[in-house]
Amino acid sequence: MPSTTDPRTLQDLSRAGRHDASVDSAHGGARDRTSTATPSGGTAQVIAPDGSRHAHPELDPWLEDVDDALLRQLYTDMAVARRVDAESTALQRQGQIGLWPPLLGQEAAQVGSAHALRGDDFVFSSYREHAVALVRGIAPADLLRVWRGVVGSGWDPYAARMAPMQVIIGAQTLHATGYAVGLLVERATGPGGSPAWGGPPSDGVERTSAVVSYFGDGATSQGDVHEAMTFAATWSAPVVFFCQNNQWAISEPVALQSKVPLVERARGYGMPGVRVDGNDVLAVLAATRQALHRARTGGGPTLIEAVTYRMGPHTTADDPTRYRTSADVDAWRALDPVDRFAAHLRGLGVLDDAAEQAAQDTCDAVAAALRSGISGTPDPSWEAVFEHVYAEPHATVAAERDAYARYLDGFADGADGAEQREGRR
Ligand SMILES: Cc1ncc(C[n+]2csc(CCOP(=O)(O)OP(=O)(O)O)c2C)c(N)n1
């Protein structure tokens, strides 16, 4: 099997000092079926793969307040996300959850962008944004209950200000745009309101909260995404489209999804596009802060393409060796986001052995809480699926419920039906 990553993508990410945050670039990617070729153009980066920091005129101003405490927090959050991911994979293998889509390799893209958010911003994600959820304060066990199949959402979306995960790839971009337009309407009709569309203010004052939609490279082929971006741009909606280009849509490489770098599509929709090294947590933090500020000040949406790599399988049901080489994975392993940030922090003297141990202790505690929080979680009653469909009783739902009860009774096998039904929960 040939290598599946375009060497230009790796060269681009390996090179320190790139600072083309407004992005451009010609695609030039190979078009063979196995290539994950992405563009050869500039990708914004502030930490090189060896951990050294370099200046970036456009991103640096967004990092001025980053102190040692925040650096350690970013590192700990990335380490915790990686640990939760590993534990969840193990829990799937042990039969505690049905399926798990690992985020391994995408920790910087998720933690960096989530840290740019304010508490009053709102997130619409896909199914892989576990680290975003953790940074939003969602307990790991709550995250996993969905994958155990016992709840539709493991958390209160309004409390966390993060919608339940979306499996219809790309639909969350439309939800985000709808929510963002709602923010504009609220602002226009609220006290002292004025229409935010038809001329965004340019005084730099943040007047609304913002919305972030997370989606993958594969989702960009969905019509929903194009509709969402077109609509968001024409309405100057306060939304950030955060695309994690992890090179794969299950077995489909990104080069088969797009003839141009994904970020280049932004111009067609009429919004700024930023291509950022998704394995560089500080670059992601800065680029997302900048885009959020633009959104909150009336500047409209931004498309961020965070270039990263899914180092694990698509889900625990996937075997990636069927469609990509180990050399491809090894090349990206050299760009590992957690190792890179650790090297950076060690160079700064911010991460010493004691701080590393403290981060590992946090990981151990989170992992223990996750295991005890999910193992043995009772299944919901069989009736639960019929509840909450309508606020009022509904004849069709009642008929379906009765039919399902009769179906379960069919397994009674001479014994007490209700008892059997109970046992088949
Ligand atoms: C509308 C729709 N079409 C197809 C699928 C099946 N599907 C599930 S995940 C996936 C790939 C998504 O890839 P990408 O958007 O790059 O996200 P990633 O899984 O890499 O995070 C597909 C095609 C789906 N869930 N929804």
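Residues numbered from 1 in each chain as written. Predicted model: local features only at pLDDT ≥ 70, side-chain atom pairs only at ≥ 80, totals over all residues. Heavy atoms only, no water.

A.B. asks: Describe in detail the overall build of the protein, supporting the description with residues and values.
C.D. replies: Of regular secondary structure, the protein possesses 15 helices and seven strands. Residues classed as buried in the protein amount to 53% of the 425 residues present. Counting contacts in the protein only where the partners sit at least 6 residues apart, residues at least 24 apart contribute 76% of the total. Accessible surface, the protein as shown: approximately 17,500 Å² in total, 53% of it carbon and sulfur. (Helix = DSSP H or I, 4+ residues; strand = E, 2+ residues; numbered from the N terminus. Buried < 20%, exposed > 50% of the residue type's maximum accessible area, 1.4 Å probe, protein only. Contact = heavy atoms within 4.5 Å. Areas by Shrake-Rupley, 256 points an atom, 1.4 Å probe, with all protein chains shown as cover.)

A.B. asks: Please give an account of the packing of aromatic side chains that cites residues and values.
C.D. replies: Describing an aromatic ring pair means giving the distance of the ring centres and the angle of the ring planes. Inspection of every chain in the model, using the stated rule, returns 15 aromatic pairs. Between the aromatic rings of Y214 and F242, the centroid separation amounts to 5.1 Å while the plane-to-plane angle is 55°, which identifies the pairing as tilted. Of this pair, Y214 sits in strand β2 (residues 211-216) while F242 is found in strand β3 (residues 239-245), placing the two residues 28 residues apart along the sequence. The class for Y214 is buried, based on a relative accessible area of 0%. When the centroid spacing of 5.8 Å and the interplanar angle of 20° are considered together, the rings of Y404 and Y407 count as stacked. Of this pair, Y404 and Y407 are both found in helix α14 (residues 395-409), three residues apart, which corresponds to roughly one turn of the helix. Y404 gets classed as partly exposed once you look at its relative accessible area, which sits at 33%. Judged by its relative accessible area of 49%, Y407 falls in the partly exposed class. An aromatic cluster of at least three residues, connected via ring pairs, comprises W382, F386, Y404, Y407 and F411. (Phe/Tyr/Trp six-rings, centres within 6.5 Å; stacked < 30°, edge-to-face > 60°.)

A.B. asks: Tell me about the side chain of R310, residues and numbers included.
C.D. replies: With respect to the helices and strands, R310 occurs in the loop between β7 (302-307) and α11 (326-333). There is no salt bridge for the buried R310, and the closest opposite charge comes from D318, which lies 4.0 Å off by N-O distance. Among the polar contacts listed, one links the side chain of R310 to the backbone oxygen of I250, at a separation of 2.9 Å. In this structure R310 touches L104, Q106, R128, N246, W248, I250, D318, Y323 and R324, once residues within four positions along its chain are discounted. (Lys, Arg positive; Asp, Glu negative; His and termini not counted. Salt bridge = Lys/Arg side-chain N within 4 Å of Asp/Glu carboxyl O. Polar contact = N/O pair within 3.5 Å; in protein donor to acceptor, adjacent residues only side chain to side chain.)

A.B. asks: Give a description of the nonpolar core that names residues and reports values.
C.D. replies: Among the nonpolar cores identified, the biggest contains 71 residues, and L282 and F341 are the most heavily contacted of them. If we ignore the near neighbours within four places in the chain, the residues touching L282 are V46, I47, R53, L63, V66, L71, L74, F341 and H344. Judged by nonpolar contacts, the second largest core, of 26 residues, contains L184, V239, V254 and Y269. (Core = buried A, V, L, I, M, F, W, Y, C linked by side-chain atoms within 4.5 Å.)

A.B. asks: Residues and numbers for the pairing of strand β6 (residues 273-277), please.
C.D. replies: A regular strand places its side chains so that they alternate between the two faces of the sheet. Counting buried positions along β6 gives five out of five residues, so the element sits mostly inside the fold. Covered by surrounding structure in β6 are G273, R275 and D277 together with V274 and V276, the residues of both alternating faces. Bridge analysis of β6 against β7 gives five bridges, and the strand direction is parallel. Bridge pairing in β7 places D277 opposite V307. At this point the chain moves from β6, through helix α10 (residues 281-296), to the parallel β7, and the crossover so formed is right-handed. (Pairing = 2+ DSSP bridges. Right-handed = clockwise from strand over helix to strand, strands pointing away.)

A.B. asks: So, the side chain of E305: which residues are in play, and what are the values?
C.D. replies: Inspection of the secondary structure puts E305 in strand β7. A relative accessible area of 1% places E305 in the buried class. Apart from residues no more than four positions distant in its own chain, E305 is found in contact with C243, N245, P261, L262, V263, V274, R275 and V276.

A.B. asks: Give me the site of the ligand: which residues, what numbers.
C.D. replies: Neighbouring the ligand are 15 residues; Y127, R128, V167, G218 and W248 lie closest to it. For the ligand, the accessible surface in isolation is 580 Å², of which the surrounding protein chains cover 73%. (Near = heavy atom within 4 Å.)

A.B. asks: Describe in detail the sheet that holds β6, supporting the description with residues and values.
C.D. replies: Strand order in the open sheet made by the five strands is β1-β2-β3-β7-β6, with parallel pairing throughout. At either end of the open sheet lies a strand with only one pairing partner, and these are β1 (122-124) and β6. In this sheet, neighbouring strand axes are inclined to one another by 20° on average, regardless of whether the strands run parallel or antiparallel. Across six bridges, β2 lies against β3 in parallel orientation. (Axes fitted to C-alpha atoms, helices over the stretch in contact; angles between N-to-C directions.)

A.B. asks: Residue-level account of the packing of helix α2 (residues 68-93) against α10, with values.
C.D. replies: It is at 11 Å that the axes of α2 and α10 come closest, and there the two elements cross at 105°. Judged on the interaxial angle alone, α10 and α2 are roughly perpendicular. Judged by residue contacts, L70, L71, L74 and M78 of α2 engage V281, L282, L285 and R289 from α10. (Parallel < 35°, antiparallel > 145°, perpendicular 65-115°, else oblique.)

A.B. asks: Lay out helix α8 (residues 223-234) with the relevant residues and their values.
C.D. replies: If you check α8, its first and last C-alpha atoms are 17 Å apart, about what twelve residues at 1.5 Å a residue would give, namely 16 Å. Of all the positions in α8, only V225, A228, M229, A232 and A233 are classed as buried. End-on view of α8: buried residues confined to an arc of 120°, all on one side of the axis. Summarising the contacts, the buried residues of α8 are in contact with α7 (171-189), β2, β3, α9 (265-269) and β7. (Expected span 1.5 Å × (residues − 1). Arc of directions from axis to C-beta.)

A.B. asks: Can you tell me about the confidence of the model for the protein, naming the residues and giving the values?
C.D. replies: Residues at a pLDDT of 70 or more form 85% of the protein, whose mean pLDDT is 89. In the predicted structure, residues 16-41 sits below a pLDDT of 50 and forms 104 contacts with residues beyond four places in sequence or in another chain. (pLDDT = per-residue confidence, 0-100.)

A.B. asks: So what about the environment of Q172? Which residues, and what values?
C.D. replies: Tracing the sequence through the fold places Q172 in helix α7. Residue classification places Q172 among the buried residues on the basis of a relative accessible area of 1%. Q172 sits 49 residues away from V123 along the chain, and the two C-alpha atoms are 9.1 Å apart.

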